[in-house]
Amino acid sequence: MDFSDLIQWCLEHLSYWVILILMILENSLVPLPSELIVTPAAYKAANGEMNIFLVILFTTLGALIGALINYHLALITWYLKRKLKACQ
């Protein structure tokens with residue numbers, strides 16, 4: 001299964017939880033454009049398949065969680081570098 005198959009599966013099975021997970025990945029580890037996530041979700045919301053307010057909520061939560069993951073990883077890295085310099 002390559003990356004395009006994963007994207008195709010996610011779009012076919014697009015739910016609020018998939019939106020949340022993909023937004024977390026987009027904002028933390030994988031450089032995945034949010035347009036690949038938000039645009040199909042907005043399209044489904046416009047067709048009445050999803051609730052637009054829940055789409056906004058889950059995309060915002062995913063972006064926040066992803067940013068917090070990045071922040072804490074950077075904080076741990078900074079702390080460990082500081083400790084290593086203090087030991088030298």
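Just so you know, these numbers come straight off a predicted model, no measurement behind them.

1. As for the overall build of the protein chain
Working step 1: Tallying secondary structure elements over the protein chain gives four helices and zero strands in all.
Working step 2: Expressed along its principal axes, the backbone C-alpha trace of the protein chain runs to roughly 60 × 30 × 15 Å.
Working step 3: The proportion of buried residues among the 88 residues of the protein chain is 23%.
Working step 4: The long-range fraction of contacts in the protein chain, counting pairs at least 24 apart against all pairs at least 6 apart in sequence, stands at 67%.
Working step 5: About 6400 Å² of surface is accessible on the protein chain, with carbon and sulfur atoms providing 70% of the total.
Working step 6: Charged side chains in the protein chain number 5 positive and 6 negative. The centres of these two groups are separated by 31 Å.

2. What to know about the side chain of serine 28
Working step 1: You can see serine 28 is positioned in helix 2 (residues 16–28).
Working step 2: Sequence-distant contacts of serine 28, that is, excluding residues within four places in its chain, are made with Gly66, Ile69 and Asn70.

3. Topic: the nonpolar core
Working step 1: Within the largest apolar cluster, 14 residues are counted, with the highest numbers of intra-cluster contacts made by Leu14, Ile19, Leu22, Ile37, Ala41, Met50 and Val55.
Working step 2: Elements with a minimum of two residues in this core: helix 2, helix 3 (35–46) and helix 4 (52–87).
Working step 3: Looking at this core, the element that brings in the most residues is helix 2, giving six residues.
Working step 4: Those residues in contact with isoleucine 19 that sit more than four places away from it in its chain are Leu14, Ile37, Ala41, Met50, Val55, Phe58 and Thr59.

4. Thoughts on the confidence of the model for the protein chain
Working step 1: Confidence in the prediction for the protein chain averages 88 pLDDT; 97% of positions are at 70 or higher.
Working step 2: Highest mean pLDDT in the protein chain belongs to helix 4 (93); lowest belongs to helix 1 (residues 3–12) (74).

5. Some details on the packing of helix 2 against helix 3
Working step 1: At a minimum axis distance of 10 Å, the contact between helix 2 and helix 3 shows a crossing angle of 155°. One way to sum up the angle between helix 2 and helix 3 is to call them roughly antiparallel. Classified by chirality, the crossing of helix 3 by helix 2 is left-handed. When helix 2 is examined against helix 3, the residues Ile19, Leu22, Met23 and Glu26 are found in contact with a partner set consisting of Ile37, Val38 and Ala41.
Working step 2: Here the contact of helix 2 with helix 3 is composed, by residue class, of six nonpolar, no polar and one charged.

6. Some words on helix 2
Working step 1: End to end, helix 2 covers 18 Å across 13 residues, agreeing with the expected 18 Å (1.5 Å per residue, within 8%).
Working step 2: Among the residues of helix 2, those classed as buried are Val18, Ile19, Leu20, Leu22, Met23, Ile24 and Ser28.

What counts and what doesn't
- Residues numbered from 1 in each chain as written.
- Predicted model: local features only at pLDDT ≥ 70, side-chain atom pairs only at ≥ 80, totals over all residues.
- Heavy atoms only, no water.
- Helix = DSSP H or I, 4+ residues; strand = E, 2+ residues; numbered from the N terminus.
- Buried < 20%, exposed > 50% of the residue type's maximum accessible area, 1.4 Å probe, protein only.
- Contact = heavy atoms within 4.5 Å.
- Areas by Shrake-Rupley, 256 points an atom, 1.4 Å probe, with all protein chains shown as cover.
- Lys, Arg positive; Asp, Glu negative; His and termini not counted.
- Charge placed at Lys NZ, Arg CZ, Asp CG, Glu CD.
- Core = buried A, V, L, I, M, F, W, Y, C linked by side-chain atoms within 4.5 Å.
- pLDDT = per-residue confidence, 0-100.
- Axes fitted to C-alpha atoms, helices over the stretch in contact; angles between N-to-C directions.
- Parallel < 35°, antiparallel > 145°, perpendicular 65-115°, else oblique.
- Left-handed = near helix turned anticlockwise from the far one by under 90°.
- Nonpolar A, V, L, I, M, F, W, Y, C, P; charged D, E, K, R; others polar.
- Expected span 1.5 Å × (residues − 1).

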